[in-house]
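Here is what each chain is made of, one letter per residue.
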Amino acid sequence: AAAAAAAWVDGEEEQEDEDWVEAGPGRGEGSAGDLSRRALRGEALYGVHPILNALLQGRRTPHTLYILAGMDLSKRKDARAVRQALALAQELGVKISKVSRHELNTLSADKVHQGLVLDCSPLAFTHLDKLPPADAVMKEAAAAGAPPPVWVALDEVLDPQNFGAILRSCWCLGAAGMLVSAKNCAPLSPAVSKASAGAMEAAEVHAAKMLRDTLVGAAASGWLVLGAAGDAAAQSCQDVNVDRPTIIVLGNEGRGLRTNIRRVCTGLVRVDMGMQGRGFTGLGSPGHSASSNGVPGLSSSAHPSTNANNRNSGMSSGPSYWGGSTESGGEEGSSPDDFWDDRNGEGDRVQRGGQKGSPSVDSLNVSVATGILLHSLTAAAARHSTKQSSNGRS
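Residues numbered from 1 in each chain as written. Predicted model: local features only at pLDDT ≥ 70, side-chain atom pairs only at ≥ 80, totals over all residues. Heavy atoms only, no water.

1. Here's the deal with unusual backbone geometry
Line of reasoning, step 1. Positive phi outside glycine occurs at Q114, with the angle close to 60 degrees.
Line of reasoning, step 2. Tracing the chain through its elements places Q114 in the loop between α4 (101-107) and β4 (116-120).
Line of reasoning, step 3. Although it is not a glycine, A197 adopts a positive phi angle of roughly 60 degrees.
Line of reasoning, step 4. Judged by its relative accessible area of 28%, A197 falls in the partly exposed class. (Helix = DSSP H or I, 4+ residues; strand = E, 2+ residues; numbered from the N terminus. Buried < 20%, exposed > 50% of the residue type's maximum accessible area, 1.4 Å probe, protein only.)

Quick look at the structure:
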C-alpha cells in the first residue's frame, strides 16, 4: 500500500500535463472543483501529523482526503509521513481528491495545512466526574511496575495553541491523563490538533461537568491535588515528593486558577525563575559587563518586574514577588504600573528604588510552565517508585 501511495503522488509529479502542476479550481482528475467549506461533511483537519495520527488511531470517521496537486515529495522532510497517510487512506477506502492550493486554503480557513486536509468527524471529550480511589490506583500502578500516575487538569484554558502545546507536552512527558472543565475550555478543534503535532488524535481528554467537585472527590480519596501558583508560600516543583496519584491543576492564561479551584487544592506548587534575575545574562559574549547582568540599565541586584497574575499561574519571580510579597512592596491586585515612578532625570521610566525597568517579559507561557511542572512531578514519581523497589529488595 505504501508503494502504491508513493506512485499515486510521486508518479504524478513527473507528468508534464499542467493539470497536475498547481491545478486550479476544477482542473485535473480527481479535483474537487471550486470547493468551499460548505462541502465538508465533518470538519477540516489539516497538517500532516494530525491527519496521519487521525488515520492511525481510528477515532474519527474519515470522509475525503484532499491533497495538493503537484506536490513534490522529493523536497519535503515529511515525505515519509505523507506517503504513510496516503497509504492508510487507501487501505481504509477513504476518497482521495487532488485539489489546488487555493482550495486547500479555503477548506482549512487559510491555516498551515502542509498540502493535506482531511474531511472527517470531530473528536469529543470523554465525560469523567469521578476519579478512582488513590489506593486502587496505587495497587494498579504497583502491579504494572509503574510509578504513581500524574494527571494534568486545566481550569478554563481557552487558547487553542496553548491547549495543543500542553497536550503535546503531556503526551511526550508521560502524563497519565488530562482533565478539563467542560465549560469555558478550548474545544478539541483542528487548531488544537495541529498545535499538538497530532497528539490530540491519540490522547483521550476527559471533561468534568464540575471540575471543582471532581477535584474535591479526588482529594478526599487520597489523591494529591496541586495547584500551580506563584505564591511565595507555594512549594518549588523541584521539592515535591510524589508518593501517590497526583493531579497538577493549571489555570486560565490571564487570571490563573479560579478561587474555588484554588481552595480545594491540597497544596500549591511553583516554577522558580532564575534567581539572579531574568533575561540573557550575556556571560560569554564579547564586551559583557558583569555589573549590567546583560541588560542595559539593569544592575545585578535589581529585581525584574513581575506580573501580578504570576501568583496564580505557577510562575515564581525568583527572590521577590508582586501580589503579596512584602519584599517587593506589592499588594494583591496591583498592576505593573503601580510599581513605576513616571520618569527620572534622563526621561526613562524607573522602577521604584531608582532602577531602570527591565524588558516587559514577566512570566512563562502556561504551556511551558505545564511542561516544567509535569517533568518535575513525573521525575519525582519515578524516584519514589525506584526507592520503594529498592526498599522491597533489601
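2. So, the sheet that holds strand β5 (residues 126-127)
Line of reasoning, step 1. Strand order in the open sheet formed by 8 strands is β5-β8-β7-β6-β11-β9-β12-β10, and the pairing between neighbours is parallel. Each of the sheet's edge strands pairs with one partner strand only, and the pair in question is β5 and β10 (235-236).
Line of reasoning, step 2. Note: strand β9 (residues 224-228) against strand β12 (residues 267-270), 3 bridges, orientation parallel. Along β12, the bridge assignment pairs L226 with G267.
Line of reasoning, step 3. Set on the sheet, helix α6 (residues 160-173) makes contact with β6 (150-154), β7 (177-181) and β8 (205-208); between it and β7 the angle comes to about 155 degrees. (Pairing = 2+ DSSP bridges. Contact = heavy atoms within 4.5 Å. Axes fitted to C-alpha atoms, helices over the stretch in contact; angles between N-to-C directions.)

3. Quick look at the environment of H206
Line of reasoning, step 1. By the secondary structure assignment, H206 is in strand β8.
Line of reasoning, step 2. Take H206: its relative accessible area is 13%, and that puts it in the buried class.
Line of reasoning, step 3. Sequence-wise, H206 and A153 are 53 residues apart; in three dimensions their C-alpha atoms are separated by 9.3 Å.
Line of reasoning, step 4. Excluding its chain neighbours within four sequence positions, the residues that come into contact with H206 are T126, L128, W151, M178, L179 and V180.

4. Brief notes about the pairing of β4
Line of reasoning, step 1. In terms of burial, β4 is a largely internal element, 5 of the 5 residues being buried.
Line of reasoning, step 2. Taken together, the 5 bridges between strand β2 (residues 62-68) and β4 define a ladder with antiparallel strand orientation. Residue T64 lies in a different strand from β4, and its bridge partner there is D119.

5. Some remarks on the pattern of salt bridges
Line of reasoning, step 1. Enumeration over the complete set of coordinates arrives at 11 salt bridges.
Line of reasoning, step 2. Between D78 and R76 there is a salt bridge whose closest N-O contact spans 2.8 Å.
Line of reasoning, step 3. Residues joined by salt bridges that share partners form a network here, namely D155, E156, R255 and R258. (Salt bridge = Lys/Arg side-chain N within 4 Å of Asp/Glu carboxyl O.)

6. Observations concerning the sheet that holds β2
Line of reasoning, step 1. In space, the 4 strands of this open sheet follow the order β1-β4-β2-β3, with mixed pairing throughout. Each end of this open sheet is capped by a strand with a single partner; those strands are β1 (43-46) and β3 (95-99). Between one strand axis and the next, the sheet turns through 25 degrees on average, direction left out of account.
Line of reasoning, step 2. Sitting on the sheet, helix α2 (residues 48-57) is in contact with β1, β2 and β4, with an inclination near 40 degrees to β4.
Line of reasoning, step 3. Sitting on the sheet, helix α3 (residues 79-91) touches β2, β3 and β4, and the angle it makes with β2 is about 145 degrees.

7. Comments concerning the pairing of β3
Line of reasoning, step 1. Taken across its 5 residues, β3 has 4 buried, putting it largely inside the fold.
Line of reasoning, step 2. Handedness of the crossover joining β2 and β3 through α3: right-handed. (Right-handed = clockwise from strand over helix to strand, strands pointing away.)

8. Let's talk about the side chain of S181
Line of reasoning, step 1. Summarising the element assignment, S181 is placed in strand β7.
Line of reasoning, step 2. With a relative accessible area of 5%, S181 lands in the buried category.
Line of reasoning, step 3. Those residues in contact with S181, other than ones at most four positions away along the chain, are L154, D155, E156, A208 and L211.

9. Quick look at the packing of aromatic side chains
Line of reasoning, step 1. Across all of its chains, the model carries 1 aromatic pair by this definition.
Line of reasoning, step 2. On the numbers, 6.5 Å between centres and 85 degrees between planes, the contact of W151 with W223 is edge-to-face. Placement of the pair is W151 in strand β6 and W223 in the loop between α8 (211-220) and β9, with a sequence separation of 72 residues.
Line of reasoning, step 3. Looking at W151, the relative accessible area reads 11%, which means it is buried.
Line of reasoning, step 4. W223 gets classed as buried once you look at its relative accessible area, which sits at 2%. (Phe/Tyr/Trp six-rings, centres within 6.5 Å; stacked < 30°, edge-to-face > 60°.)

10. What to know about the packing of α2 against α3
Geometry of a packed helix pair, given as the angle between the helix axes and the separation of the axes.
Line of reasoning, step 1. Packing of α2 against α3 leaves a shortest axis separation of 9 Å and a crossing angle of 35 degrees. Viewed along their axes, α2 and α3 form a crossing whose handedness is left-handed. Residues V48, H49, L52, L55 and L56 of α2 lie in contact with α3, whose contacting residues are A81, V82, Q84, A85, L88 and A89.
Line of reasoning, step 2. A class-by-class count of the residues in the contact of α2 with α3 yields 9 nonpolar, 2 polar and no charged. (Left-handed = near helix turned anticlockwise from the far one by under 90°. Nonpolar A, V, L, I, M, F, W, Y, C, P; charged D, E, K, R; others polar.)

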